[in-house]
Structure formats: structure tokens, C-alpha cells
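What the coordinates show
Residue-level listing of the chains:
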Amino acid sequence: RYTNAAAIAELQHIVETYLDEETLQPLINEKLDQMVEDGTLQEIVASYLNANALWTFDTVNDMINAENLISGSYAKTLGYHTINDGGGALYYITDQVVTNSEQISFNSLYATLVFNNKINVKQLGAYGDDTNDDTTIINKAISLSNALNLPVYIPEGTYKTSNTLTFINDLYMDGTIKYYGTTTGLIIGDSYQRTSKKSFEIKIEKNEESSNSIGDL
């Protein structure tokens, strides 16, 4: 059985060696027939299509369970946990670890999140449903923000947190952070920005069970 590289190399050798069209065409036809018969041609075509296609999936879970992704291809999700949950994103599929990035490991590959000028916490897996604790995800967003010098974006939703969040770079908020911890909930520098979407005061709610301060603004 030919490997893709060997089959292509042999075809190139035939083309370079036999320049007479009457001699060359039957040989090419014979080689193509052989490649179709043993499945090599189909593999070459599939490999090309996989590497150059943009595959769309409903969720991240659907993406990592797909069998058609290879290193070099792109994948788009319509949501992180569910369709239209605000976590839809574009990923570059690679077999290499990329530092200072968000990568999801699956099938010996890595789906590398393509950032669009900001760190959207929902694209990292935050729920914003006031039920699941989003502290770890938001802190991951802060770390990426610091490493890549990009702003953190908190989309609409209520984000349950249980530990201190310290924002250094720009912070854009359309959502509400609700704090359920017992220490300082939020520390923010001078870089808070209102979104262009609407004008509002920064919204940070304190759970009634928390006796300490929300934080320093």
C-alpha cells in the first residue's frame, strides 16, 4: 500500500520521465485507477479537504468528539456548552502545544482558541447562570489577559464567584458578577471601560450570606 507521499512522488516521477502525451496519459490513468482501487486517492482528497475546510459544530463537546479534524484545519462552534450560549468561537487545530493560549486537548490534537481582540469568558467555558461557579474560568481569562495584553470581556449573564478576582488590564462588562465568598470579592485597577453596547454602572452583586466587602473599585 502506498503512502500519500510515495504515491505523489511516483506520479511526479512519471510526469518528469515520460513527456510524450500518448505514452503519459495511459500511465496516469493506470496509476489513478490503482490509487482509487487501494483507497490512496480518496485519502489524499480527504486529507486536502480536512486541512482546508472550516468545520462547524454545535458545541465544544461535539468538536472534540469529531473524527474528521486534523492538524491544520479550522473548527467553529456555535456555543460552548449549548448552542447560542455566548461561547461560540473559532479554533485552529494543531498537534503542537502553544504557550499563552487556550487549548482543548483531544485525540492527540489541540483545538487552539482564536481570540478576537479580547478574552471572552464564555469562550473559556464560563456559564453566567448564577448556579455554576465561574471563579476558575474568570481567573483563567485574567491570566490570559495579562499574558496577551488583551481586555477581559464579561458578556451578559450573572457570574457566580467565590474567591477574589483581580483585574489588571482593561475590563469590559455587560454582565453581573455575584460574589458568594467571604473575602474581598473584586479588585480592579483604573482600566475599567464601559462597553459601546450600552451605558451603565458596573454591576457587582453581593450574596446576602457574604458578610465581607465586595471589593475595591
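Look up a bit, the structure's there.
Residues numbered from 1 in each chain as written. Predicted model: local features only at pLDDT ≥ 70, side-chain atom pairs only at ≥ 80, totals over all residues. Heavy atoms only, no water.

**Overview of the sheet that holds strand β4 (residues 103-106)**
- Strand order in the open sheet formed by five strands is β1-β2-β3-β5-β4, with mixed pairing between adjacent strands. Each having just a single partner strand, β1 (54-57) and β4 make up the two edges of the open sheet. With direction set aside, neighbouring strand axes in the sheet form an average angle of 25 degrees.
- In terms of strand pairing, β4 meets strand β5 (residues 109-113) through four bridges, oriented antiparallel. (Pairing = 2+ DSSP bridges. Helix = DSSP H or I, 4+ residues; strand = E, 2+ residues; numbered from the N terminus. Axes fitted to C-alpha atoms, helices over the stretch in contact; angles between N-to-C directions.)

**Considering helix α5 (residues 135-148)**
- The end-to-end C-alpha separation of α5 is 20 Å, in line with the 20 Å expected for 14 residues at 1.5 Å each.
- Those residues of α5 that sit buried are Thr135, Ile137, Ile138, Ala141, Ile142, Leu144 and Ser145.
- Among the structural elements, β6 (119-120), β7 (129-133), β8 (152-154), β9 (158-161) and β10 (165-167) are those in contact with the buried residues of α5.
- Where α5 ends, the next residue or the one after it, Asn149, has phi of about 55 degrees, a positive value. (Expected span 1.5 Å × (residues − 1). Buried < 20%, exposed > 50% of the residue type's maximum accessible area, 1.4 Å probe, protein only. Contact = heavy atoms within 4.5 Å.)

**Details of the pairing of β9**
- In β9, alternate side chains face the same way, and those of Tyr159 and Thr161 are buried while those of Thr158 and Lys160 on the opposite face are not.
- The pairing of β7 with β9 spans two bridges and is parallel. Note on β9: the bridge partner recorded for Asp133 is Lys160.
- The sheet contact formed by β9 and strand β12 (residues 176-179) spans four bridges and is parallel. Residue pairing across strands places Tyr159 opposite Ile177, the latter belonging to β12.

**Description of the environment of Met63**
- Tracing the backbone shows Met63 in helix α4 (residues 60-64).
- When the C-alpha atoms of Met63 and Ala75 are compared, they prove to be 7.5 Å apart, with twelve residues separating the residues in sequence.
- Sequence-distant contacts of Met63, defined by excluding residues within four places in its chain, comprise Phe57, Leu69, Ala75, Thr77, Tyr91, Ile104, Phe106 and Ala111.

**Digging into the side chain of Ser101**
- Note on placement: Ser101 falls in the loop between β3 (89-94) and β4.
- Taking relative accessible area as the criterion, Ser101 reaches 19% and is therefore assigned buried.
- Among the polar contacts made by the side chain of Ser101, one reaches the main-chain carbonyl oxygen of Val98 at a distance of 2.6 Å.
- Once residues lying within four places of it in the same chain are set aside, the contact partners of Ser101 are Thr112 and Leu144. (Polar contact = N/O pair within 3.5 Å; in protein donor to acceptor, adjacent residues only side chain to side chain.)

**Here we look at the side chain of Thr112**
- One can find Thr112 in strand β5.
- Looking at Thr112, its side chain comes within polar contact range of the side chain of Gln103, at 2.8 Å.
- In contact with Thr112, not counting residues within four places along its chain, are Leu90, Tyr91, Tyr92, Thr94, Val98, Ser101, Glu102 and Gln103.

**Brief notes about the pairing of β3**
- By the bridge criterion, four bridges tie strand β2 (residues 74-77) to β3 in an arrangement that is antiparallel. In the strand pairing of β3, Ala75 is matched with Tyr91.
- In this sheet, β5 lies alongside β3 in antiparallel orientation, the contact comprising four bridges. Across the sheet, Tyr92 pairs through a bridge with Thr112, a residue of β5.

**Section: the packing of aromatic side chains**
- Taken as a whole, this structure holds one aromatic pair when the rule is applied.
- Considering the side-chain rings of Tyr74 and Tyr92, the 5.0 Å spacing of their centres and the 55 degrees angle between planes classify their relative orientation as tilted. Placement of the pair is Tyr74 in strand β2 and Tyr92 in strand β3, with a sequence separation of 18 residues.
- With relative accessibility at 37%, the residue Tyr74 sits in the partly exposed group.
- A cation sits over an aromatic face here: Lys118 above Tyr153, 5.7 Å from the ring centre.
- Above the face of the Tyr180 ring, Lys160 is positioned so that its terminal group lies 5.0 Å from the ring centre. (Phe/Tyr/Trp six-rings, centres within 6.5 Å; stacked < 30°, edge-to-face > 60°. Lys NZ or Arg CZ within 6 Å of the ring centre and 35° of its normal.)

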